[in-house]
Amino acid sequence: EDDFQFIRCEGCRQESPNLKLLTCLHTLCLGCLSKNKPLGQCPVCQAAIPKASGIPDMDNLLFTNLQDRLKVYKKIVDGVDLFCDNCKSASEFWCSMCEEFLCTKCFKAHQRYLKSHEAKRVMDIRAGSAKDFLKGARRTSNLSCSNPTHRSQTASIYCQKCCKALCCTCALLDSQHAPFRDIRSETRRRQEELSSMSQELKGKRSGFEATYAALEAEAARLEEAQREMRELIRQRVEQLVRLVRREEEELLGLVEARQEQGRRELARELQSVAGVLRRMEASGRLVEKMSLYATEQEVMDMQPFIKGSLEELQRLQPAVDQGQPRPGDLAECRARLQAL
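Bear in mind the structure is a predicted one, so any value in this text is a computation, not a measurement.

Notes on the overall build of the chain
Broken down by element type, the chain carries 10 helices and 8 strands. Of all 340 residues assigned to the chain, the portion counted as buried reaches 40%. Nonlocal contacts in the chain, meaning residues at least 24 apart in sequence, comprise 60% of its contacts between residues at least 6 apart. Accessible surface computed for the chain: about 19,100 Å², of which carbon and sulfur atoms make up 49%.

What about the nonpolar core?
Grouped together as the largest cluster of nonpolar side chains are 56 residues, with contacts concentrated most on Phe4, Leu62, Leu286, Met290, Ile306 and Leu310. For this core, the element with the most residues is helix 8 (residues 245-293), which contributes 11 residues. Here Leu310 is in contact with Leu25, Leu194, Met197, Leu201, Ser283 and Val287, once residues within four sequence places are set aside. Counting residues in each nonpolar core, the second largest holds 11 residues, with Ala225, Met229, Val237 and Leu251 among its members.

Re empty space enclosed by the protein
Applying the stated criterion across every chain, the model contains 1 cavity of 30 Å³ or more. Considered as a void within the structure, the largest cavity measures approximately 40 Å³ in volume. Glu10, Leu21, Leu25, Thr27, Phe63, Ala282, Arg285 and Leu286 are the residues that line the largest cavity. Taken together, the residues that form the lining of the largest cavity break down as 5 nonpolar, 1 polar and 2 charged.

Considerations on the UniProt feature "domain: B box-type" (unreviewed entry) in the chain
According to UniProt, the positions carrying the feature "domain: B box-type" (unreviewed entry) are residues 83-122 and 140-182. Between the C-alpha atoms that bound residues 83-122 there is a distance of 11 Å. The span itself is 28% helix and 22% strand.

Observations concerning the sheet that holds strand 5 (residues 119-121)
Taken in spatial order, the 3 strands line up as 4-3-5 in an open sheet, and their pairing is antiparallel. The two strands at the open ends of the sheet, each matched to only one other strand, are strand 4 (100-102) and strand 5. The mean angle between the axes of side-by-side strands here comes to 30°, regardless of whether they run parallel or antiparallel. Summarising the sheet, strand 3 (residues 93-95) and strand 4 pair through 3 bridges and their orientation is antiparallel. Within the sheet, the bridge partner assigned to Cys95 lies in strand 4 and is Glu100. Against the sheet, helix 3 (residues 104-113) engages strand 3, strand 4 and strand 5, with an angle of about 115° to strand 4.

Looking at the packing of helix 7 (residues 183-237) against helix 8
Axis separation between helix 7 and helix 8 bottoms out at 8 Å; the angle between their running directions is 165°. Between helix 7 and helix 8, the interaxial angle falls into the category roughly antiparallel. Note that helix 7 runs across helix 8; the crossing there is left-handed.

Brief notes about the side chain of Glu10
Locating Glu10 in the fold gives a position in the segment before strand 1 (19-21). Of the polar contacts made by the side chain of Glu10, one reaches the backbone nitrogen of Thr27; its length is 2.9 Å. Engagement of the side chain of Glu10 in a polar contact is seen with the side chain of Arg285, the distance being 2.9 Å. Residues in contact with Glu10, not counting those within four places in the same chain, are Leu25, His26, Thr27, Leu28, Val44 and Arg285.

Some points on helix 3
Within helix 3 the residues assigned to the buried category are Cys106, Phe107 and His110. Seen end-on, helix 3 carries its buried residues on one side only, within an arc spanning 105°. Facing away from the buried surface of helix 3 by more than 90 degrees, the exposed residues are Lys105, Lys108 and Arg112. Those residues of helix 3 hidden inside the fold are in contact with strand 3, strand 4 and strand 5.

Thresholds applied
- Residues numbered from 1 in each chain as written.
- Predicted model: local features only at pLDDT ≥ 70, side-chain atom pairs only at ≥ 80, totals over all residues.
- Heavy atoms only, no water.
- Helix = DSSP H or I, 4+ residues; strand = E, 2+ residues; numbered from the N terminus.
- Buried < 20%, exposed > 50% of the residue type's maximum accessible area, 1.4 Å probe, protein only.
- Contact = heavy atoms within 4.5 Å.
- Areas by Shrake-Rupley, 256 points an atom, 1.4 Å probe, with all protein chains shown as cover.
- Core = buried A, V, L, I, M, F, W, Y, C linked by side-chain atoms within 4.5 Å.
- 1 Å grid on protein atoms, 1.4 Å probe; cavity = no way out; pocket = protein on both sides within 12 Å on 5 of 7 lines; lining within 4 Å.
- Points joined across faces, edges and corners; volume = space filled by probe spheres on them.
- Nonpolar A, V, L, I, M, F, W, Y, C, P; charged D, E, K, R; others polar.
- UniProt positions renumbered as here; feature names shortened; annotations may be inferred.
- Pairing = 2+ DSSP bridges.
- Axes fitted to C-alpha atoms, helices over the stretch in contact; angles between N-to-C directions.
- Parallel < 35°, antiparallel > 145°, perpendicular 65-115°, else oblique.
- Left-handed = near helix turned anticlockwise from the far one by under 90°.
- Polar contact = N/O pair within 3.5 Å; in protein donor to acceptor, adjacent residues only side chain to side chain.
- Arc of directions from axis to C-beta.

Shown next as structure tokens:
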């Protein structure tokens, strides 16, 4: 359970068949997106959701497919209703390519006609871990042709011109598709590209972490400066005659106003940097899970979208303090106090 919490919605922490992948690379269910629609931003990192409807087009195919595979694994482990999908006898085998349970008799026929399929014993799957089951399903998963009429055909060729996976029939009949590349090489290249971009973002993360720490320190300094100024004001005002009591109240009000203004501005900056850090964390986690569990179909469908989000993150730079006045500056208050 703990190893696969990542496949849940990051808003309500519940499993959902309708998980959407945002450009900030956080994953939310339709329920959370609908609740958050008036704000038009991710509830995890507050990044804007560019889609006008508030519902992104990109499904998180990796997480929803993992949910389905884990349900099969749980069914096998629990041993409930394990019947052959062909004859309804007691099931002894599971074929991850056919996604069917098989009894011993149907297993023998299955192996006779589908020798390339690797069916495993249910007891062996039950003895193994969920990770082993998912890795086995990943190895046996086939990539489908991008042509809607050839969905049943296995894609083995990648067209660099139209950036799509093709079956041999499409490649032979359509002379417009060229040059070609082996689909395995293209899938591996895309996965390596995502991993490389993720590593580069890890290098940039330290800059944002330093900015976040500096902003936190600045917020603490602002609180301390406000406390010290209030004490100094009280000490000075107590020496003044009753006629200047009104000035004391004005100074206290000014300090409060400056402090509140500074707190709001720093809170906005902290929230912005925290959102970027969460997006970076989400990107690293998603790429890691892609490399561990994604099928070639999922890599081909999701990589361009994830790549766009990672490129956007790479363009971000942490704010640089160039000696500008910080929010909540109390110089005006000090000047008025000195004049008093």
